[in-house]
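# Understanding the architecture of this molecule
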Amino acid sequence: MKVVGQGLPRVEILEKVTGQSVFGADVRLPGPILFGKILGSPHAHARIRSIDTSKAERLPGVKAVVTAQDLPPVRFGRFVRDEEYFARTKVRLVGDRIAAVAALDEETAEEALRLIKVDYEVLPQVTDALEAMRQGAPLIHEEYDQYHAISMMEGRKGNICYHKETVQGDIARGFQEADRIFEHRFYAPMVHQTYIEPHAVLARVDAAGKVTVWVPTQAQFFIRQSVAEIFQLPLIKVRVIPTEIGGGFGGKMLPTVEPAAVALARKSGMAVQIVMSRAEDFQVANPRHPCHMRYKTGVKLDGTIVAREVEVALGTGAYCGIGAVTSQRAEMLAAGPYRIPNVKIDVYCVYTNHANCGPYRAPAGPQLAFASESQIDIIARELDLDPVEIRLKNAIQEGDQTPACGGPLESVHAKETLLKAAEAAGWGAKPREKNRGRGIALGYWLVGGYASSAGVKLNEDGTVTVMTGVVDLSGTVTSLGQIVAEVLGIELDDVHVRTADSDFAPHSTISAGSQALRSMGTATKMAAEEVKKQIMELAADKLEAETSDLVVEGKRIYVRGSIEKGLSLGQVAQLSLMHERGPIVSIQSSSHFPNQPAFSAHVTDVEVDPETGGVKILRYVAAQDVGTAINPLSVTGQIQGSVMQGLGQALSEACVFANGKMRNPTFLDYKIFSSLDAPRVEVHLVEQAAGDGPFGAKGIGEPSIIPVPAAVANAVRDAVGVTIFDLPLSAERVRMAMREKITQR
Amino acid sequence: MAEMKKRLRVTINGERYEKEVSPATSLLDFLRTDLNLTGTKEGCGEGECGACSVILDGRLVDSCLILAVEADGQEIQTIEGVGRHGRLHPLQKAFAEKGAAQCGYCTPGMIMAAKYLLDHNPSPTPEQALEAIAGNLCRCTGYGSIVDAILSAAKER
């Protein structure tokens, strides 16, 4: 392969390094743009007695004030319709939307918010999933059983938004067969994606009532659907134009500020921009689910796992959001990438008075792997087994099924990935210095893929344009260009590929779930192949040769063996316009993809400061099963960034709340890794072309964050002999554990 | 609302500007809203993320923390003035080649911080490069490729 497999710079990179890229808050239009602001509830749980906006409306400079009265009475939600965009009768989280204003300048908009008077009856709140499940806990949705839900929403009761039991084998018999049984409880708190670009939107409504929304989103068709649903508009009346997106990590898929901007634009007749402050973004923009986990594992003395029982309680926040998907992910991942004959998994998705948690890079993945992989290490230590050995002994193999995975798994490279990481890190020769330790963890993710369609067209000069609506987060669009160039025997520079908007792009999957390249790449490759076929047919006709004798190479098509007898792609394109065939173009679709596993194994060396408990990452090795790396520069960069995000979750990040209000909504107090904290992440790719992805590529983005907290926790245990059951492994927590030597709970 | 506007004279990327601004306007808002120079980004508005980094009279500053009027009479360099006239600065070239920009949102600020470093220290060590971007948060790359780009650009110059 000539273009696939090359670490080429991203196609949009020059716009980015020169500051020309247009992100969410950078959109400018002719005419004035109003500043929009959203009024959020100061209470985590309260009944609304009345809302008075009259003073705000009279403030000079205010052009529109909107509340629930300005929207159709629609409850929305992808799984259960439990959310109203503006609260009508009740607020369920700090920041629940009450009203929005648009004004000529920001200060006036802020002043108008202060003039809106809301009379609340404050209700008892519940912010923890386990407490919310108890008898007598305050009910967050009193009419929950009357809400419309899709059929997968099982086990709805009280504050339990969803509950499902997944069983494999016979769990009671499994524990009877076990020589040793281990049981531990773990907790992972809420953490935030903290893309550097806060949520932002610009909305305009034209004279015919058509809504246009410029927004940095990972899922333009989701946003179009949501806006259409909330405003009860046909889809052709909503146009979503995705801007460059300054990081998403799952956090920019569900509607946040978009409907408010649309409501204000409709009411004022002017363009309205809303940009969240960092504090607002922290408080309300769909963070990672906090997660209680109980793991009970039965093993034989040789380390064979015979039974595993897992209970997971996810705090999904005030609304279900994407909690049902996170729960399903938890069902699939809870037992770990291991062959276990007897498994029982209970996942509870529970309403709390917090922000509705959303998708964040491998939803549920790092939390469950932290618990599961910490416990595997505890077991290895108790049975005097090597951590690599016990994992190799139990790792899943080709054709195995894990609970809820949907069928025999193909392209299973758990062992290769584990061995690659161990070898690269020099596993046998561990650091022996005092307070230093090494940890390993294995993670996996099941990558599916929604339907996608893409178009490829041959331009009159032989260059090629790709039509796709997939949003570029991590180099997907560049990889699509490489796929097309490879199929057509041209260079990436001969291909134009950028994201088109919802009016003009064929339906595209989301840039999330590690699926963009698998799904969109497949559709794009099919379209390129069809274009190639059309080129061949036309050329065969003109060159009086069989298509099987033609070669496409170097922007030319010629008869094999006589290179001078040929046509340039430009000539073919010109001929197609005069030929009865017409322009050469193809739009192809790919359908749903079955779950495909992708593995990541990480080894890290740490040093613990015995005085402070501070953990320093000395070395970080990440091996990942990537199938074929279409663009190794993108793949490696994505893994490095993902590890760094995981290190924050492992060591320093947690959303801290008091009465439902986040107490640390700044980068000073919510500590993500800076360049001074960052180790150099050594990436090792396990490349074995896999099943149905384009050129054998697998999903990349999520597997790489899953083992991080576990690998760090295991290294800390190795260094100082303490097991930490709660994330993050902050200096304070490690120091306390060292002092008390808590090793069991 | 009816506050007294102040007259501001600044030189930005070699161009002279004379504008009336509100005394409460930050330098960042002045650049982005009054002048439409949207290359400089806002990530937090509190001087914690570095996305709004610009060079003000030879100092690297968070433009969200500076009032526009404080910049009166001074020279400002923003990302729009780096590698002008269609010619890329070695840092821009290196950021592109090394994969040092992914989403690209921190990139303008990151390049200004890196440029400030190279303006003062033409051949930095990896540690000095890490130190130079310590005030600029990136959530995509893990920083390694950014350091590679800075060192590569230093060699190029």
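Residues numbered from 1 in each chain as written. Chains lettered and ligands numbered in written order. Predicted model: local features only at pLDDT ≥ 70, side-chain atom pairs only at ≥ 80, totals over all residues. Heavy atoms only, no water.

### Here's the deal with the overall build of chain A
- When helices and strands are counted, chain A shows 18 helices and 28 strands.
- Its C-alpha atoms give chain A a radius of gyration of 27 Å, near enough to 27 Å, the size a compact globule of 745 residues would have.
- For the C-alpha atoms alone, the extent of chain A along its principal axes is close to 80 × 70 × 45 Å.
- For chain A, contacts bridging at least 24 residues in sequence account for 79% of all contacts bridging at least 6.
- Charged side chains in chain A number 79 positive and 87 negative. The centres of these two groups are separated by 3 Å. (Helix = DSSP H or I, 4+ residues; strand = E, 2+ residues; numbered from the N terminus. Rg over C-alpha atoms; globule rule 2.2 N^0.38 Å. Contact = heavy atoms within 4.5 Å. Lys, Arg positive; Asp, Glu negative; His and termini not counted. Charge placed at Lys NZ, Arg CZ, Asp CG, Glu CD.)

### Here's the deal with the interface of chain A and chain B
- Taken together, the 47 residues of chain A in the interface contact 44 residues of chain B.
- The largest share of the area that chain A buries against chain B comes from Val17(A), Ile196(A) and Ser675(A), three residues that together contribute 18% of it.
- Remark: the boundary between chain A and chain B carries four salt bridges.
- Its salt-bridge partner being Asp148(B), residue Arg680(A) comes within 3.1 Å of it at the nearest N-O pair.
- The interface formed by chain A and chain B contains 23 residue pairs in polar contact (both at pLDDT 80 or more).
- Listed by contribution, the elements that provide at least two residues to the side of chain A that touches chain B are α1 (13–17) and α16 (632–651) of chain A.
- Per element, the largest residue contribution to the side of chain A that touches chain B is seven residues, and it comes from α16(A).
- Residue composition of the side of chain A that touches chain B, grouped by class: 20 nonpolar, 17 polar and ten charged. (Buried area = accessible area lost by both parts, 1.4 Å probe. Salt bridge = Lys/Arg side-chain N within 4 Å of Asp/Glu carboxyl O. Polar contact = N/O pair within 3.5 Å; in protein donor to acceptor, adjacent residues only side chain to side chain. Nonpolar A, V, L, I, M, F, W, Y, C, P; charged D, E, K, R; others polar.)

### Some points on the nonpolar core
- By size, the foremost hydrophobic cluster in this structure holds 184 residues, and its most contacted members are Val716(A), Phe95(B) and Ile150(B).
- For this core, the element with the highest residue contribution is helix α17 (residues 708–720) of chain A, accounting for nine residues.
- Each residue touching Ile150(B), except ones within four places of it in the same chain, is listed here: Leu91(B), Phe95(B), Ala114(B), Leu117(B), Leu118(B), Pro124(B), Ala129(B) and Ile133(B).
- Of all hydrophobic cores here, the second largest spans 44 residues; its members include Ile490(A), Val497(A), Ala539(A) and Val552(A). (Core = buried A, V, L, I, M, F, W, Y, C linked by side-chain atoms within 4.5 Å. Buried < 20%, exposed > 50% of the residue type's maximum accessible area, 1.4 Å probe, protein only.)

### A word on the sheet that holds strand β20 (residues 550–553) of chain A
Residues and elements named next belong to chain A.
- The three strands lie next to each other as β20-β21-β22, forming an open sheet whose pairing is antiparallel. Looking at the sheet topology across the chains shown, the edges are occupied by β20 and β22 (562–568). Each adjacent strand pair in this sheet contributes to an overall mean axis angle of 30°, direction not counted.
- Judged from the four bridges that link them, strand β21 (residues 556–559) and β22 form a sheet pairing that is antiparallel. Directly across from Val 559, in β22, lies its bridge partner Ser 562.
- Against the sheet, helix α14 (residues 516–543) engages β20, β21 and β22, with an angle of about 125° to β20. (Pairing = 2+ DSSP bridges. Axes fitted to C-alpha atoms, helices over the stretch in contact; angles between N-to-C directions.)

### Examining the side chain of Lys90(A)
Residue and element names in this part refer to chain A.
- Within the fold, Lys 90 resides in strand β4 (residues 90–91).
- At 3.2 Å, the side chain of Lys 90 and the backbone oxygen of Leu 139 are in polar contact.
- At 2.9 Å, the side chain of Lys 90 and the side chain of Glu 142 are in polar contact.
- Look past the residues within four positions of Lys 90 in its chain and what remains in contact with it is His 45, Ala 46, Arg 47, Ile 48, Asp 96, Leu 123, Leu 139, Ile 140 and Glu 142.

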